[in-house]
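# Inside the fold
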Amino acid sequence: MKQKRKITPITRFAYGTGNLLGSGALAISGSWLLYFYTTFCHLPIAQATLIFSLATYLDVILNPLMGFISDSFYKTKLGRKFGRRRFFILTGIPLMCLYPLLWVKNMNFLYYLSTYILFELVYTSVMIPYNTLPVEMTSDFDQRTYLAGSKAMFGKIANFLGAALPGFFISIYGQDSPTPFFYTGLTYGAILVISMLLLYFNSWERPYDQVEDESVANIWEGFKKLFVDILSTLRIRTFRDHLGMYLFGFGAEWLFTATFTYFVVYNLGRPSTFVSEMNSLSSILQLISTAIFVGIVAKKGFRKPFIWALSIVICAILGYVAVAVFNLPHMTGVIIAIVIVFGLGTGGVYYIPWTSYTFMADVDEVVTNRRREGIYAGAMTMAGKLIRASIVSILGFTLAAFGFESGATTQPQSACNAIIGVMLIGCCGLAVLGIICSIKMKLTHETHKIVIDELERIHNGGRMADVDPEVKKVLEQLTGIPYERCFGNNNIGYKDKKQKVVTQ
């Protein structure tokens, strides 16, 4: 791909603001929405977690569909005029106004379920095209890394806003009022509109004539292509390793976020304003952490920094549990110290998987001889939401099974013990699985360059039979496929009569 536009600091800034939706909306809902439902809307905790689960399981189906639609959208007039990715960002601008509707009090279960599902659909329609933009905008390893770094850093800014805004409004209206959460939703909805405008006007994609036409004969073939392609991503070894890193690392962090508010309020006996303060501090430190990890990843690759980040997270969680179990003196100071440790480590847990993701389509092209960025964005987002829904469901049903009482100012000891168990067994267990997957990851700066060079050689008419033995070895390690079966000479992914195959 010929890069026709230069990626400037403004480009990186604007691209990063898109993650104010990706991380900020999730940070606020992850930290407060379940608490809002059970405390101010008086929904039973099992019913409240069911909202997250039903919406997300539905979205699991829509995620790959959105990736497929985005990949194919260039064949429409709207796609050719506005872009197959940027069209959905454009339509998402006014739809950000839906976010405050999540935080309206005194409504029934169906209202909260409907509004959450609706916003999840809007979120998906924007974030999947958004996640493909670094691959569309440049093929350069460093530029993609910096774009991903900007995205991750704005994710931490979003986390800070998601923590600070509720705290600000709680300080005005009090912790016993639902009003702070509505004003948080209203304010953040306005921020999302601005961020989507910046993103749309400072991004671009491949020209239409540089994109392979993957249109199909009818809608049934389209659905077949969709699910065949989604499942085929799991046959790429690097993506399997990457997915394990992402799901278990993200799962550990998400489960901790969903549990932390309950832990502080019920196990430590601190007010909800303290949760906001600690989340704000953590977000600032995660921003610093992300900036540090951008430089570390550029030098060390993905594997070791991810292991370091998850190890720090595990140590911090063990510290939190120790504070509650042993009722340590000077609790506030100890918690602040642990938050500092957690914040400095956890930035890499989010940043690294989303950085390595931007190189998955390159490895895939070696195998399939196709460009499937949208499919990978859909597969990754789908998997992330699937584990998020499962985690929230498990949390809700676990607390309910141990006697958690919605709307109560205190909880029985059994529920408090369950909160600690979730943090200790659930969060730390997922983090350990993430470390195991990262140990298997073989994609590095050097091996990615080998991928790009070989793609260029083959696409310029080179013969597969002339491959360098070392290049062949590296590609087989990354793909998990014998080199002779690469470049379309296999049954991986959807096949049709127009499928291009490189001859041996």
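Here goes a summary of the coordinates provided.

The rules behind each value
- Residues numbered from 1 in each chain as written.
- Predicted model: local features only at pLDDT ≥ 70, side-chain atom pairs only at ≥ 80, totals over all residues.
- Heavy atoms only, no water.
- Helix = DSSP H or I, 4+ residues; strand = E, 2+ residues; numbered from the N terminus.
- Polar contact = N/O pair within 3.5 Å; in protein donor to acceptor, adjacent residues only side chain to side chain.
- Patch = residues over 30% accessible without salt bridge, like charges linked within 9 Å, V, L, I, M, F, W, Y side chains within 5 Å.
- Areas by Shrake-Rupley, 256 points an atom, 1.4 Å probe, with all protein chains shown as cover.
- Salt bridge = Lys/Arg side-chain N within 4 Å of Asp/Glu carboxyl O.
- Lys, Arg positive; Asp, Glu negative; His and termini not counted.
- Charge placed at Lys NZ, Arg CZ, Asp CG, Glu CD.
- Buried < 20%, exposed > 50% of the residue type's maximum accessible area, 1.4 Å probe, protein only.
- Axes fitted to C-alpha atoms, helices over the stretch in contact; angles between N-to-C directions.
- Parallel < 35°, antiparallel > 145°, perpendicular 65-115°, else oblique.
- Left-handed = near helix turned anticlockwise from the far one by under 90°.
- Contact = heavy atoms within 4.5 Å.
- Nonpolar A, V, L, I, M, F, W, Y, C, P; charged D, E, K, R; others polar.
- Phe/Tyr/Trp six-rings, centres within 6.5 Å; stacked < 30°, edge-to-face > 60°.
- Lys NZ or Arg CZ within 6 Å of the ring centre and 35° of its normal.

## Looking at the side chain of Glu136
As for its placement among the helices and strands, Glu136 is situated in helix α6 (residues 109-137). A polar atom in the side chain of Glu136 sits 2.9 Å from the side chain of Arg85.

## Some details on a positive patch on the surface
A cluster of basic residues, Arg237, Arg240, Lys299, Lys300, Arg303, Lys304 and Lys442, forms a positive patch at the surface. Elements represented by at least two residues in the positive patch include exactly α10 (237-267), α11 (272-300) and α12 (303-326). With respect to the helices and strands, the residue Arg303 is situated in helix α12. With relative accessibility at 31%, the residue Arg303 sits in the partly exposed group.

## What to know about the packing of helix α2 (residues 19-39) against α10
Contact geometry of α2 with α10 gives a least axis separation of 9 Å together with a crossing angle of 45°. Between α2 and α10, the interaxial angle falls into the category oblique. The crossing of α2 and α10 is right-handed. Contacts from Leu26, Gly30, Ser31, Trp32, Leu34, Tyr35 and Thr38 in α2 reach Trp254, Thr257, Ala258, Thr261, Tyr262 and Tyr266 in α10. Tallied by class, the residues present in the contact of α2 with α10 amount to eight nonpolar, five polar and no charged.

## Some details on the environment of Gly174
Structurally, Gly174 can be placed in the loop between α7 (141-173) and α8 (179-201). By relative accessible area, which is 25% here, Gly174 ends up partly exposed. Setting aside residues no more than four positions away along its own chain, Gly174 makes contact with Phe169 and Pro180.

## Let's talk about the environment of Gly343
Secondary-structure assignment places Gly343 in helix α13 (residues 331-357). When the C-alpha positions of Gly343 and Ala309 are compared, they lie 9.9 Å apart, and in sequence the two are 34 residues distant. Aside from chain neighbours lying at most four places away, what touches Gly343 is Ser282, Leu285, Gln286 and Ser289.

## With respect to unusual backbone geometry
Non-glycine residue Asn106 carries a positive phi angle of around 60°. Along the polypeptide, Asn106 turns up in the loop between α5 (86-95) and α6. Of the residues examined, Asn106 reaches a relative accessible area of 61% and is grouped as exposed. Despite not being glycine, Asn369 has its phi angle at roughly 65°, a positive value. Examined against the element boundaries, Asn369 turns out to sit in the loop between α14 (360-368) and α15 (373-401).

## Quick word on the packing of aromatic side chains
Think of a pair of aromatic rings as described by two things: how far the centres are apart, and how the planes are tilted against each other in angle. Under the criterion given, the structure shown has 39 aromatic pairs. Note on Phe40 and Phe181: the rings are 5.6 Å apart at their centroids and 45° apart in plane angle, and the pair reads as tilted. With Phe40 in the loop between α2 and α3 (45-72) and Phe181 in helix α8, this pair connects stretches of sequence that are 141 residues apart. Overall, Phe40 belongs to the buried group, its relative accessible area being 11%. Arg86 extends its terminal NZ or CZ atom over the ring of Tyr200, reaching a point 4.2 Å from the ring centre.

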